[in-house]
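So the chains spell out like this:
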Amino acid sequence: MTELHHLTLAQLAAGLQKRQFSSVELTRHFLDRIERLNPALNAMITVSGEQALAAAAAADKKLGAGNAGALTGMPIVHKDIFCTDGVRTTCGSRMLSNFVAPYDATVVAKLSQAGVIALGKTNMDEFAMGSSNETSFYGPVKNPWDLTKVPGGSSGGSAAAVAARLAPAATGTDTGGSIRQPAALTSLTGIKPTYGRVSRYGMIAFASSLDQAGTLTYTAQDAALLLHAMAGFDPRDSTSVDVPVADYSATLEQPLAGIKIGLLKEFFERGLDEANAKLVRDALKIYESLGAKLIDVSLPNLPLSVPTYYVVAPAECSSNLSRFDGVRFGHRCENPVDLMDLYKRSRGEGFGAEVKRRIMTGTYVLSAGYYDAYYLRAQKVRRLITDDFARAFAGVDVLMGPTSPTPAFDIGAKVDDPVTMYLNDIYTIGANLAGLPAMSIPCGFLGGLPVGLQIIGPHFAEAKLLNVAHVFQRETDWHERIPEAYR
Amino acid sequence: MSWETVIGLEIHAQLATKTKIFSSAPTAYGAAPNAQANLVDLAYPGVLPVLNQEAVRMAVKFGLACGATVSQRSIFARKNYFYPDLPKGYQISQYEKPIVEKGTMDILLDDGSVKRVGITRAHLEEDAGKSLHEEFEGLTGIDLNRAGTPLLEIVSEPDMRSAKEAVSYMKKIHTLVRYLEICDGNMQEGSFRCDANVSVRPAGQEKFGTRCEIKNLNSFRYIEKAINYEVARQIEIIEGGGKIRQETRLFDPDKGETRALRSKEEANDYRYFPDPDLLPVVLDASFIESVRSTLPELPDEKAARYMQKFGLSAYDAGVLTASREMGDYYESVIAKLPGNEKLAANWVMGELSAALNKDAIEVTQSRIDATRLAGLLARIVDATISGKIAKEVFEKMWAEGLDADAVIEATGGKQITDAGAIEKVIDEVMAANPKQLADYRSGKDKLFGFFVGQVMKVTAGKANPAQVNDLLKKKLAG
């Protein structure tokens, strides 16, 4: 018999509907796997087994009564950046080690309304600041493909959990590549939708103008299912966009004949491992064989993405994280002598080194006398990069390139070198700066480690991206590979 | 040396919205601490602000009413600083692109001339909470009910030259925001307050002196006192050879003096930047026009109408239009007494206002409503009673809540207009005062007043004064 954790979300949904297994069985299966396998991976910060089983029992009643939705009874895991009513939300930080939100994030509430069961909260870089999951207060996450390697970040716990089949899907967030890069490093399908497509309400802010929630799944088909339940306008998020949500599943099979794929010249030129580049080119050949037209595209300002991002994101984070002051919630130092002592020690103790580094960078770039040279200039470059993308999409349907310059690297290899670490996001940041939807899908292995193909589309082209990814996955089996220890 | 004072005001008007500017929590004053602060006000992790459109509409109303430019695109920015009553660690305000720019406000000076004060800008922002230092021994209490309350900060040009001018400008804005029904104007509750930027310079010098900012003045009296104190303080320092330090100061109403709070060097670097959680506020022309169509007759327009149509002085028109309610009352009175607008103005500004002040009540709570006052004035107009008697009738009406006619009837205060009756009294008076009569007839004109007085005395003031004059002149002439 096929193991439950070998099935995709779509297959599990069908099984639940046909009552081949109950939600309680499914939930218990994954909770057991978490209990058994997570200690070595450290993918989970909090497991909410009791609540999950209670919700699964309720879902089974609905399934039995025949009034269930497509995702009723489906267990998944949430990145610990989403507030969950009654279940601790740490954001990977000591600062929130005692924080239990009194409300659900819109993403969590929408999925819960769709019948999804939350198994627990996944590990992540502290406040989503990191590309390797090593900045978490709760310790680094291991890559299921090789426990000495990082799973990527910041949604590293979500990626490791799904890759190791501890859950069939996970939510994640992507500010500069935090869904796509871990997806690439763990052989998963990750999608970051258009900025404004999914509500940010209840998602603890890192860089508000860049943050966007998305999913990590085995397949594009699963992503279509899950994203459809998450997306939509939210009156509580002023930056969410009131555009109808397409039925992503309905257009997955559209043929790709005649589709124009832009190849990002700058991506192949800069810092890309040659073997890695070859796997990406092989993937492009498959698209060509499906009738796609490959067109070279240059985005001259794209190489400025990383410096631009490392001004904008820290600036916003320096302000977003001011609310963590030890006054109303979160970590408070012992016996503060006065207000300044309360602030200094609570924040000094509550935040880790990378978070402090970015708060300081952000404070600096917004300071009187530096604002114009850094923040304002970065905003101008951001506009240029956005314009570059817009020009490119006038001639092509989607853009493709690598997701990450290298496969997963050793835990500890880059922790002491923030700039090298930041360059991991060199291919992913552009889509965040321009607010574009982007995906990473598995496209091969290098020395036993997964490699991802990145697909970027114009605003609100999620349906097209998922279609392009799904057709590729019909032709390939990279996304079906499971790390040996977790089969 | 003679000194010139330069004053600019930053007025904070709390907008009369039902809910806060970025959250759905109510704004009502006086609730138990923190009872009106929701997750957004408490800045819980993950929450986001959503702009209250009603606050935008009110700001636009103000902009249109002071002849300003209403920006079709304005931006919210974050003003970053740490303080326990500022839950997010930043205040959402408008910085580079405010919603209202370049308006004006005319004020009436003592010499009767009109001065135009420039309004640099008016922007929307949220209020902070309150820190309570007194009630907790060695601790500070935080009440976040006020956090997120919408404010319109109205910034003037440094156009005022005395504390008096500053007060009349402040009063004028106070009148306007209440006319527009965008602020309740309650200064005690802090709904309307200001910061005053004050400097002095030698008369004739163009360059401004170094200014000090006096924070949080919440009564007209304090503003005048604080500015006057501050001006004297600055002049004394400069004349003593010292220099003014740019600083923020607080006014202590008990001592009647200002004291330093923090210097420019200690001021925060607020690191303003556009708030990425909020979209630019984009207003199309049709929205702005729709707001314009809801504007009431404005105080200045009303005053101009009173002057033109009723022949009132600028001063009188100003007093009668100082509040929408006062104007409404006055207009209700004159609706029943066409042609007697000046008489009605005198009574509303005189007896009525005095009585309201004495009882410390608003015109809407007046114990004599407009219809009753019109009824009283009608008896003066038709000469049933004299003005002097009318004042006594007014007092009875106020005290007993009666119509004028009922009071006149009950007290026999009706005026004597019967010429025969008055002549009879005059004859009696002349007979009783032969010496004065002889003196008058031999040229002592001044004694005329004596005879008027005697006649009024005998009639207990009820004789019609004009008739008494006429008849006396005839009779005394012999």
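Residues numbered from 1 in each chain as written. Chains lettered and ligands numbered in written order. Predicted model: local features only at pLDDT ≥ 70, side-chain atom pairs only at ≥ 80, totals over all residues.

A. Spatial organisation of the overall build of chain A. Helix and strand counts for chain A stand at 16 helices and eleven strands. Relative to the globule expectation of 23 Å for 487 residues, the C-alpha radius of gyration of chain A, 21 Å, shows essentially globular dimensions. With respect to the principal axes defined by its C-alpha atoms, chain A has extents near 65 × 55 × 45 Å. Counted over contacts in chain A with a minimum sequence separation of 6, partners at least 24 positions apart contribute 76%. (Helix = DSSP H or I, 4+ residues; strand = E, 2+ residues; numbered from the N terminus. Rg over C-alpha atoms; globule rule 2.2 N^0.38 Å. Contact = placed C-beta atoms within 7 Å.)

B. Representation of the overall build of chain B. Along chain B, the regular secondary structure elements total 15 helices and 16 strands. For the C-alpha atoms alone, the extent of chain B along its principal axes is close to 95 × 55 × 50 Å. Residues counted as buried form 40% of the 478 residues belonging to chain B. Taking the intrachain contacts of chain B between residues at least 6 apart in sequence as the baseline, contacts between residues at least 24 apart amount to 68%. (Buried ≥ 20, exposed ≤ 12 C-beta atoms within 10 Å, placed from the backbone.)

C. Geometry of the nonpolar core. Core analysis: the largest hydrophobic core is formed by 226 residues, its most contacted members being I455(A), A59(B), F62(B) and A196(B). The contacts of I455(A), once residues within four sequence positions are left out, are V398(A), M400(A), A438(A), M439(A), I441(A), L465(A), V468(A) and A469(A). (Core = buried A, V, L, I, M, F, W, Y, C linked by C-beta atoms within 7 Å.)

D. Molecular detail of the domain arrangement of chain B. All names here are of chain B. Once the domains are mapped, chain B shows domain 1 (3–291), domain 2 (299–411) and domain 3 (419–477). For domain 2 and domain 3, the distance between their C-alpha centroids amounts to 33 Å. Counting from both sides, the interface comprises four residues of domain 2 and, opposite them, four residues of domain 3. Residues belonging to the side of domain 2 that touches domain 3 are distributed by class as follows: two nonpolar, one polar and one charged. (Domains from an automatic or database assignment. Nonpolar A, V, L, I, M, F, W, Y, C, P; charged D, E, K, R; others polar.)

E. Broad picture of the packing of helix α12 (residues 419–432) of chain B against helix α15 (residues 465–477) of chain B. All names here are of chain B. In the contact formed by α12 and α15, the axes pass within 10 Å of each other and the chain directions differ by 50 degrees. If you check the angle between α12 and α15, you find them oblique. The element α12 and its partner α15 pack so that their crossing is right-handed. Of α15, the residues touching α12 (which contributes A419, I422, E423, I426 and M430) are Q467, V468, L471, L472 and K475. Across the contact of α12 with α15, the residue classes tally to seven nonpolar, one polar and two charged. (Axes fitted to C-alpha atoms, helices over the stretch in contact; angles between N-to-C directions. Parallel < 35°, antiparallel > 145°, perpendicular 65-115°, else oblique. Left-handed = near helix turned anticlockwise from the far one by under 90°.)

F. A look at the confidence of the model for chain B. Confidence in the prediction for chain B averages 93 pLDDT; 100% of positions are at 70 or higher. Here the predicted complex carries an ipTM of 0.96, next to a pTM of 0.91. (pLDDT = per-residue confidence, 0-100.)

G. Structural detail: the pairing of strand β11 (residues 449–456) of chain A. All names here are of chain A. Within β11, eight of the eight residues are buried, which leaves the element mostly enclosed by the surrounding structure. Going residue by residue along β11, you find L449, V451, L453 and I455 tucked away on one face and P450, G452, Q454 and I456 tucked away on the opposite face as well. Pairing of strand β9 (residues 398–402) with β11 involves four bridges; the strand directions are antiparallel. Of the residues in β11, the one forming a bridge with P402 is L453. With seven bridges joining them, strand β10 (residues 438–446) and β11 adopt antiparallel strand pairing. In the sheet register, S440 faces β11, and the bridge partner there is Q454. Hairpin connection between β10 and β11: a loop of two residues separates the two successive antiparallel strands, and G447 in this loop has a positive phi of roughly 55 degrees. (Pairing = 2+ DSSP bridges.)

H. Up close: the sheet that holds strand β7 (residues 114–126) of chain B. All names here are of chain B. On the basis of which strands lie adjacent, the open sheet formed by nine strands has the order β2-β6-β7-β10-β1-β11-β12-β13-β14 and mixed pairing. Of all the strands in the sheet, the pair left with one neighbour each is β2 (69–70) and β14 (257–263). In this structure, strand β1 (residues 3–14) lies alongside strand β11 (residues 192–202), joined through eleven bridges in antiparallel fashion. In the sheet register, E4 faces β11, and the bridge partner there is R201. Sitting on the sheet, helix α1 (residues 53–65) touches β2, β6 (100–108), β7 and β10 (150–156), and the angle it makes with β7 is about 170 degrees.

I. Fine view of the interface of chain B and chain A. Taken together, the contact pairs 25 residues of chain B with 35 residues of chain A. Its residues placed into classes, the side of chain B that touches chain A shows 17 nonpolar, three polar and five charged.

J. Region of interest: the sheet that holds strand β4 (residues 76–80) of chain B. Residue and element names in this part refer to chain B. Within the open sheet, the three strands sit side by side as β5-β4-β15. Their pairing is antiparallel. Two strands lie at the open edges of the sheet, namely β5 (90–94) and β15 (273–274), each paired on one side alone. Here β4 runs beside β15; their pairing, made up of two bridges, is antiparallel. By the bridge assignment, A77 is partnered in β15 with P274.

K. Expanded view of the pairing of strand β5 (residues 189–192) of chain A. Residues and elements named next belong to chain A. Side-chain alternation along β5 places T189 and I191 on one buried face and G190 and K192 on a second face that is also buried. Both β5 and strand β6 (residues 213–217) contribute to a ladder of three bridges, which runs antiparallel. When the sheet's bridge partners are listed, T189 is paired in β6 with T217. Inspection of the sheet shows β5 paired to β10 by three bridges, in the antiparallel sense. Across the sheet, G190 pairs through a bridge with S440, a residue of β10.

L. Structural context of the environment of S209(A). Residue and element names in this part refer to chain A. By the element assignment, S209 lies in the loop between β5 and β6. Residue S209 is classed as buried on the basis of its C-beta count, with 21 C-beta atoms lying within 10 Å. Residues S209 and G435 lie 226 residues apart in sequence; the distance between their C-alpha atoms is 8.4 Å.

M. Fine view of helix α5 (residues 299–310) of chain B. Residue and element names in this part refer to chain B. Helix length check: α5 (twelve residues) gives 16 Å between terminal C-alpha atoms against 16 Å at 1.5 Å per residue, within 8%. Listing the buried residues of α5 in full gives P299, K302, A303 and Y306. All buried residues of α5 project into a common sector of 100 degrees when viewed along the axis, lining one side. Facing away from the buried side of α5, by more than 90 degrees, are the exposed residues E301, Q308 and K309. Taken together, the buried residues of α5 touch α2 (163–179), α6 (314–320) and α7 (324–335). Phi for G311, located one or two positions after α5, is positive at around 70 degrees. (Expected span 1.5 Å × (residues − 1). Arc of directions from axis to C-beta.)

N. Representation of the environment of G172(A) within the structure. All names here are of chain A. Summarising the element assignment, G172 is placed in strand β4 (residues 169–173). C-beta crowding within 10 Å serves as the criterion here: with 34 such atoms nearby, G172 is assigned to the buried category. With 20 residues separating them along the chain, G172 and K192 place their C-alpha atoms 8.6 Å apart. Ignoring anything within four residues of it in the chain, the contact list for G172 reads K79, S155, S158, S178, I179, G190, G214, T215 and L216.

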